[in-house]
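Below, each chain spelled out in residue letters.
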Amino acid sequence: MVVLLKTLQVILALSILIFVHELGHYLFARLFGIRVDKFYLFFDVGGKRLFSTKNSRFVAKFFPKLAASDTDYGIGWLPLGGYCKIAGMVDESMDTEFLNKEPQPWEFRVKPAWQRLLVMAGGVLFNFILAIILYIVILASWGSAYLSNENRPIWANELAQEMGFKTGDQIVGFDGQKTLEFDRLQIEMVRDRAQTATVIRGGDTLILYIDQAKIGKVLQSPGMFSLALPFVVDTIPLASVNYGCSLQKGDQIIALDQHPIRYVQDARVLLQDYKDSAVTATYLRATDSLTTTLQVDSSGLMGIFSTMPALTTREYSFLEAIPAGLELTFSTIQGYIDDLKLVFTPSTQAYKSVGSFISIGQIFPASWDWYRFVNILALLSIMLGVMNLIPIPGLDGGHILFTLYEIITRRKPGEKFLYVAQIIGMVLLMGLMILAFGNDIFRLFR
């Protein structure tokens, strides 16, 4: 059921993103009098499709003008993308029959360069506009919330310890810049290729030098800096093996079988050796030190929820959400561009983190959550827009690059050159797709 729900969320999100992207191309093309032969959601590989306005009796009967339109609107069977086939343009369809005919006034190839540029940029532009709208809706509806990095100790995993960090450290920031949000510590260290980290350890301020050779490992090690939480009891649910014990909300567990417990994570590690048994817990209640016997289940858990730190929240009016949504969109675009720079830097081994639809599916929640769905949709819209700006033939960025070359040099690349470039671009994109699926399959087996 979880897999089905995640799959449906992926298909819904991709459908929205693809439709909006292709709509950008379509509207600019129609604005300049360019004929659009096909507007398809998903690919109709082999000429097979789920729906087509040119082959639908229902459409022919009830919407005859739509059926007679120059454009075939349809849904393909392969949900890996979509396309807008523009007359007189060398694109991913690799249809070159028009090259043997005289140019027609409704074709893409006869239009001024600035119009063709806007047609090609329309998809990316619409993806960014969608992200802006979604972020405005998010901020106006739910506001923003984050975990402040002020006085937050880290639980350092094995890689973090190799790099010089220690559990209990408070990371102020990197390269002399403060990090305001705790969840962005690892992100900022990687994206900014930070050279140093400012750390407070035992009251002393230290400068740690970051080994750049380990950046690749950092990308493959999520949760390097998890929040180190004191084991302060919040609730003990009815289903817990320790429901009804003497612990109360606010009690702090400081030892298990005389092993000191500083943070919740210390307890998690220790309790793996106490599965299906009992353990003596020492805890503080106000100024008193008390003991009790607690049960540990077969998973090595006690069924006790610890208190969580309060989030820093801010609410926005609709008018306040507009500039905030714009700022969030552009900062997210910059962040993703920084991520792509890492991918194209072999020494970082960031290419190993490239993922396909399998990775996309994993980021969606196991139950329906509008807030998370809209957030993910906004992020994916930005990712799709930025990816399409990469100057590879076959992507919008390749077409934009050639058109800019024409505007600057006043020399238009030949149609045969564009055809060959398109083939090369498709081969590169196929290689990228194989890499993405290969990484996902490897991670599943690992």
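Rules and cut-offs
- Residues numbered from 1 in each chain as written.
- Predicted model: local features only at pLDDT ≥ 70, side-chain atom pairs only at ≥ 80, totals over all residues.
- Heavy atoms only, no water.
- Patch = residues over 30% accessible without salt bridge, like charges linked within 9 Å, V, L, I, M, F, W, Y side chains within 5 Å.
- Areas by Shrake-Rupley, 256 points an atom, 1.4 Å probe, with all protein chains shown as cover.
- Salt bridge = Lys/Arg side-chain N within 4 Å of Asp/Glu carboxyl O.
- Helix = DSSP H or I, 4+ residues; strand = E, 2+ residues; numbered from the N terminus.
- Contact = heavy atoms within 4.5 Å.
- Expected span 1.5 Å × (residues − 1).
- Buried < 20%, exposed > 50% of the residue type's maximum accessible area, 1.4 Å probe, protein only.
- Pairing = 2+ DSSP bridges.

K.L.:
Lay out a nonpolar patch on the surface in plain terms, naming residues and giving numbers.
P.N.:
A cluster of nonpolar residues, L12, L125, I129, I133, V137, W142, W368, W370 and Y371, forms a patch on the protein surface that exposes about 840 Å² of accessible area. Contributions of two or more residues to the nonpolar patch are made by α4 (113–141) and α11 (370–388). Per-element tally for the nonpolar patch: the top contributor is α4, with 4 residues.

K.L.:
Any chance you could break down the environment of I400 for me, citing the residues and the numbers?
P.N.:
Within the element layout of this structure, I400 appears in helix α12 (residues 396–409). Sequence spacing of I400 and L389 is 11 residues, and the spatial spacing of their C-alpha atoms is 8.1 Å. In this view, I400 contacts L117, M120, A121 and L389; residues no more than four positions away in its chain are not counted.

K.L.:
Run through helix α9 (residues 318–343), naming residues and quoting values.
P.N.:
An α-helix turns once per 3.6 residues; consequently, residues spaced three or four apart project the same way. Compared with the 38 Å implied by 1.5 Å per residue over 26 residues, the 37 Å span of α9 between its first and last C-alpha is a close match. Burial in α9 covers these residues: A321, A324, G325, T329, T332, I333, G335, Y336, D338, L340 and L342. Elements that come into contact with the buried residues of α9 comprise α4, α6 (185–191) and α11.

K.L.:
Can you tell me about the sheet that holds strand β7 (residues 170–174), naming the residues and giving the values?
P.N.:
One open sheet holds the 4 strands; their spatial order is β8-β7-β9-β10, and the pairing between them is antiparallel. At either end of the open sheet lies a strand with only one pairing partner, and these are β8 (177–178) and β10 (204–209). In the sheet, strand β9 (residues 196–201) pairs with β10 via 6 bridges, with the strands oriented antiparallel. Across the sheet, A197 pairs through a bridge with L208, a residue of β10.

K.L.:
Tell me about α4, and name the residues and values.
P.N.:
For α4, spanning 29 residues, the distance from its first C-alpha to its last is 41 Å, which sits close to the expected 42 Å at 1.5 Å a residue. A positive phi of about 75 degrees marks G143, the residue just after α4.

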